[in-house]
Amino acid sequence: MLTVDRYRQEFEDYLSQNILKQEPANLYDPMVYILGLGGKRVRPVLVLMAAEILGSDSKKALDAALAIEVFHNFSLVHDDIMDDAPLRRGEQTVHERWDINTGILSGDAMLIKAYQLFEKYPGETFRQLAELFSSTAIKVCEGQQYDMDFEVQEKVSIDDYLKMIEYKTAVLVGASLKMGAIVAEASAENCDRIYEFGRLLGIAFQLQDDYLDAFGDPDSFGKQVGGDIIENKKTFLYLSSLQHAASREAMQLEHLYSINPPDPSSKVETVKGLFESSGAAELTRKEIEKYTTKAFEVLEELQIPEERKKPLYNFGKGLMDRQV
């Protein structure tokens, strides 16, 4: 059983051998560029880990792992265009370095490339991978649309928000694990369980990300604290505050989310105070714990020797052991 770092290196080596510059350059160079910006490679690592945990050689899952990473980065290229984002992982976004049309077309080619990678698997494995990939990809698109709708939608329910983060983030985590299981020819029950483990962990992770955006240590979190507040994003914290705050405080919160002061520091501190006083901060911590606990309960149901569950348990624990 390889360590996470070894899975990551195994994947990086395969990526460098298979995503190469070719003609026409303006179609393929952006693909090489975005995939070369790095990142934690969480999703491909999960594909490789699941394949080996469920009895296969991780090398057999490299094409599925590459497909997931290519798809993930395709979605980032298009998300950056929609958000007009200038930077990705500290470097210029594709549409800034080239142009919008190049970003759109290169992103489209990445999506097609992801599908092509599944063609390397035999018939039944290909069918299962393609079906899972298609259903996951459309959910990711739906999640992105929900997220865009929420920016202009006056009322958003907590259930709607949880559905959005499930579709936009969590289903791809679940699919990554299930793809590894499919390559390993695991039982249908184990495929479904490992998917559910990833889905629940993905929801917990996104809720924690929302929480840390407001209350995390900026040095360990790696992002600007209060970014969601500055951008008036309707997160679980915000929606829970509206639901549980007194009417006066709820009105104050809604007002603060309607303004964009030149210096947002006072707004951020006031909103954080409302998150605390309304009980939303505590509710969010409990929700994170609830989904994390559910994920590990599903992991216990996986029908493999206990020793083989440890890498997934350690991975999940490491993912959630950020400063909460």
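A. Structural context of the layout of surface pockets. Its volume calculated, the second largest pocket comes out at about 160 Å³. Considering the residues around the second largest pocket, the lining is formed by Glu154, Lys155, Val156, Ser157, Ile158, Tyr238, Leu239, Leu242, Gln243, Ala250, Met251 and Glu254. Among the elements of the structure, helix H12 (236-244) and helix H13 (247-256) are those that each provide at least two residues to the lining of the second largest pocket. The biggest single contributor to the lining of the second largest pocket is H12, with four residues. The class makeup of the residues in the lining of the second largest pocket is seven nonpolar, two polar and three charged.

B. A look at the packing of helix H4 (residues 62-83) against helix H8 (residues 158-183). Between H4 and H8, the least distance of the axes is 10 Å, while the angle of their chain directions is 160°. On the basis of their axis angle, the class for H4 and H8 is roughly antiparallel. Note on packing geometry: the crossing formed by H4 with H8 is right-handed. Counting all contacts with H4, which are made through Ala64, Ile68, Phe71 and His72, the residues of H8 involved are Leu172, Ser176, Met179 and Val183. The class makeup of the residues in the contact of H4 with H8 is six nonpolar, two polar and no charged.

C. Looking closely at unusual backbone geometry. Note the cis peptide between Glu23 and Pro24, where omega equals 0°. Among the secondary structure elements, Pro24 is positioned in the loop between helix H1 (4-18) and helix H2 (25-35). Backbone geometry at Arg41 places phi at a positive 55°, although glycine is not the residue there. Following the sequence through the fold, Arg41 ends up in the loop between H2 and helix H3 (42-53). You can call Arg41 buried: its relative accessible area is 3%. Phi is positive for Asn232, which is not a glycine, with a value near 60°. Relative to the helices and strands, Asn232 is located in the loop between helix H11 (227-230) and H12.

D. Here's a closer look at the packing of aromatic side chains. Scanning the entire structure with this criterion turns up 11 aromatic pairs. The interplanar angle of 50° and the centroid separation of 4.9 Å between the aromatic rings of Phe296 and Tyr313 together place this pair among those described as tilted. Of this pair, Phe296 sits in helix H15 (residues 280-301) while Tyr313 sits in helix H16 (residues 306-320), and the two are 17 residues apart along the sequence. Looking at Phe296, the relative accessible area reads 16%, which means it is buried. The structure contains a cluster of three or more aromatic residues connected by ring pairs, namely Phe71, Phe74, Tyr115, Phe118 and Phe133. The ring of Tyr195 carries the charged tip of Lys178 above its face, separated from the ring centre by 5.8 Å. When the ring centre of Tyr257 is taken as origin, the NZ or CZ atom of Lys267, which lies over that ring, is 5.7 Å away.

E. Molecular detail of empty space enclosed by the protein. Following the criterion strictly, the structure yields one cavity of 30 Å³ or more and no others. Quantified by volume, the largest cavity comes out at close to 30 Å³. In this structure, the largest cavity is lined by Asp210, Asp213, Ala214, Asp228, Ile229, Thr235, Leu237, Tyr257 and Phe275. Element by element, the count of residues in the lining of the largest cavity is highest for helix H9 (residues 188-215), at three residues. The residue inventory of the lining of the largest cavity, partitioned by class, reads five nonpolar, one polar and three charged.

Quick notes on the rules
Residues numbered from 1 in each chain as written. Predicted model: local features only at pLDDT ≥ 70, side-chain atom pairs only at ≥ 80, totals over all residues. Heavy atoms only, no water. 1 Å grid on protein atoms, 1.4 Å probe; cavity = no way out; pocket = protein on both sides within 12 Å on 5 of 7 lines; lining within 4 Å. Points joined across faces, edges and corners; volume = space filled by probe spheres on them. Helix = DSSP H or I, 4+ residues; strand = E, 2+ residues; numbered from the N terminus. Nonpolar A, V, L, I, M, F, W, Y, C, P; charged D, E, K, R; others polar. Axes fitted to C-alpha atoms, helices over the stretch in contact; angles between N-to-C directions. Parallel < 35°, antiparallel > 145°, perpendicular 65-115°, else oblique. Left-handed = near helix turned anticlockwise from the far one by under 90°. Contact = heavy atoms within 4.5 Å. Buried < 20%, exposed > 50% of the residue type's maximum accessible area, 1.4 Å probe, protein only. Phe/Tyr/Trp six-rings, centres within 6.5 Å; stacked < 30°, edge-to-face > 60°. Lys NZ or Arg CZ within 6 Å of the ring centre and 35° of its normal.

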